[in-house]
Amino acid sequence: MDVIIEESPVLLVIDDEEEVLAAIKSLLRKIKITQYYFTSPSEAIRFMQNNKVDLILTDMKMPEISGRELLIEAKKYQPDAIKFMLSAHENKKEILDTLALGLASYYLFKPWDDFEFINLIEKYTNYYEKEGLKEVINYISSFSRFLLSGAQDKNLLAMLENENLNINTLCTEIEKNPFLAAKLIQISNSVSFGAARSITSIKSAVLFIGLRHLKNLLISLSVLKKFTEIIHPVYHDVIYEYWNRTNKRAKIASQISAEWHVKVDTDLLFISTVLTDIGELYFLYTNAEKYKQYVEFVQTTNISRIEAEEKFFIYSHTYVGGVLLNVWNFPEEIVSIVENHHKAEVDNEIVRIIQLCDIIEEQGLSFKENFNMSEYVKNFNQAVV
């Protein structure tokens, strides 16, 4: 098959039903994107072997090859492509496992909502049209390779075996693992079945996924450990340092919110704090050595992480973080917090709490015996006003 070179983003659509392909083609006729349609999964795979593809949309239930099998092949030949599932047959376990393993980013249920469908495709095609963003998008798939703690895995699985499981206790345990918390929020917002949308709390995510499926999902996420071979073991301590710092910041933010002058959504605050620096993982996974140098530079100088970032990287972590969360279908309110958490004069209480959290963390104030969080928060708010 001849190699086809396209300047616009390339979308591959696979469905064994001609009428479905015709409906999608009609729906996307005004979108600036190169489109290829296949009723045969095998032909689509051969096309992927020889041509660069940016977006892949596949039906999950096909007679020749299942959508899951096609996505596994697509992972080999088009690892950087953003992948979507489409199906009228709701198999929640298969869908959640496929999302957890990073084989796809989003699931659409047939019959789909035309407005949601168009917006989803347009969101990704718009990224490809912006200078510099395609490079960021091309690394999205690598973010399914985060590390999980074995001890936490076993503890969570043991809790799920308990007939007298307390949901709040389970959610508290999940919050101890920032990666797992972020993945559950991501997966919950990546499926279109059910009424729940814009999920921003761990408890809502757990209830949406369901305890019956949560155990299998945790097992699927544990499988991701195998993918950490992409990062040399010498850098694993850097990954753990990142998650430990993230966990510490979430605790500080929680302490601040207890003393804040107005009530805030603590669930939204937690997940936003966990994700504010997610863009740094882009630096780690694309250039581990440079990221380690960046971390060591921050630890051995008086220069802030933001100032150091400008010396080491092209993009800011807030810029990359916003792109990642948009691609992962996170709620807009979380994306906005991540994008703006270092900007002055942002009219958002959670952003202000996160900014104060940064100050307290960088100065190590919360670990001083004479530190009074209540008084510090009060003075901070008075100074801002």
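What counts and what doesn't
Residues numbered from 1 in each chain as written. Predicted model: local features only at pLDDT ≥ 70, side-chain atom pairs only at ≥ 80, totals over all residues. Heavy atoms only, no water. pLDDT = per-residue confidence, 0-100. Helix = DSSP H or I, 4+ residues; strand = E, 2+ residues; numbered from the N terminus. Phe/Tyr/Trp six-rings, centres within 6.5 Å; stacked < 30°, edge-to-face > 60°. Buried < 20%, exposed > 50% of the residue type's maximum accessible area, 1.4 Å probe, protein only. Salt bridge = Lys/Arg side-chain N within 4 Å of Asp/Glu carboxyl O. Core = buried A, V, L, I, M, F, W, Y, C linked by side-chain atoms within 4.5 Å. Contact = heavy atoms within 4.5 Å. Right-handed = clockwise from strand over helix to strand, strands pointing away. Pairing = 2+ DSSP bridges. Expected span 1.5 Å × (residues − 1). Arc of directions from axis to C-beta.

(A) Focus on the confidence of the model for the protein chain. In this model, the protein chain carries a mean pLDDT of 81, and residues with pLDDT of at least 70 account for 83%. Least confident of the elements in the protein chain is helix 6 (residues 133-137), whose mean pLDDT is 64; most confident is strand 2 (residues 34-38), at 95.

(B) Quick look at the packing of aromatic side chains. Counted by the stated rule, this structure contains twelve aromatic pairs. Consider the rings of tyrosine 294 and phenylalanine 312, whose centres lie 6.0 Å apart with planes at 65°: the pair is edge-to-face. In this pair, tyrosine 294 is assigned in helix 15 (residues 288-300) and phenylalanine 312 in helix 16 (residues 305-312), connecting sequence segments 18 residues apart. Taking the relative accessible area as the measure of exposure, tyrosine 294 reaches 0% and is therefore buried. Look at phenylalanine 312 and you get buried, because its relative accessible area is 18%.

(C) Region of interest: the pattern of salt bridges. Applying the stated criterion across every chain, the model contains eleven salt bridges. In this structure, arginine 245 and glutamate 280 form a salt bridge, with 3.0 Å as the shortest nitrogen-oxygen distance. You can see arginine 245 sitting in helix 12 (residues 236-259) and its partner glutamate 280 sitting in helix 14 (residues 279-286), a full 35 residues away along the chain. For the pair arginine 245 and glutamate 280, one class covers both residues: buried. With a closest N to O distance of 3.9 Å, aspartate 277 and arginine 249 form a salt bridge. Taken together, the residues span a long stretch of sequence, with aspartate 277 in the loop between helix 13 (266-275) and helix 14 and arginine 249 in helix 12 at a distance of 28 residues. Looking at aspartate 277, the relative accessible area reads 7%, which means it is buried.

(D) Spotlight on the nonpolar core. The biggest cluster of nonpolar side chains holds 87 residues, and the ones touching the most others in it are Ile174, Leu214, Ile256 and Leu275. Sorting elements by how many residues they give to this core places helix 12 first, with eight residues. When residues no more than four places from it in sequence are discounted, the contact partners of leucine 214 are Leu160, Leu170, Ile174, Leu184, Val206 and Ile209.

(E) Representation of the pairing of strand 1 (residues 10-14). A large share of strand 1 lies buried, amounting to five of its five residues. By the alternation rule, side chains of strand 1 split into Val10, Leu12 and Ile14 and Leu11 and Val13, which are all buried. One crossover worth recording links strand 1 to the parallel strand 2 by way of helix 1 (residues 18-27), and it is right-handed. Bridge analysis of strand 1 against strand 3 (residues 55-59) gives four bridges, and the strand direction is parallel. Bridge pairing in strand 3 links valine 13 to leucine 57.

(F) Representation of unusual backbone geometry. Omega for the bond connecting lysine 110 with proline 111 falls within 30 degrees of zero, at -5°, which places this linkage in the cis form. For proline 111, the position within the fold is in the loop between strand 5 (106-109) and helix 5 (114-129).

(G) How the structure looks around helix 15. Compared with an ideal rise of 1.5 Å per residue, which puts 13 residues at 18 Å, helix 15 spans 18 Å between its outermost C-alpha atoms and is within 8% of the ideal. Among the residues of helix 15, those classed as buried are Ala288, Tyr291, Lys292, Tyr294, Val295 and Val298. Around the axis of helix 15, the buried residues are gathered within 155° of arc, so they sit on the same side. Tucked into the core, helix 15 has its buried residues touching helix 12, helix 14 and helix 16.

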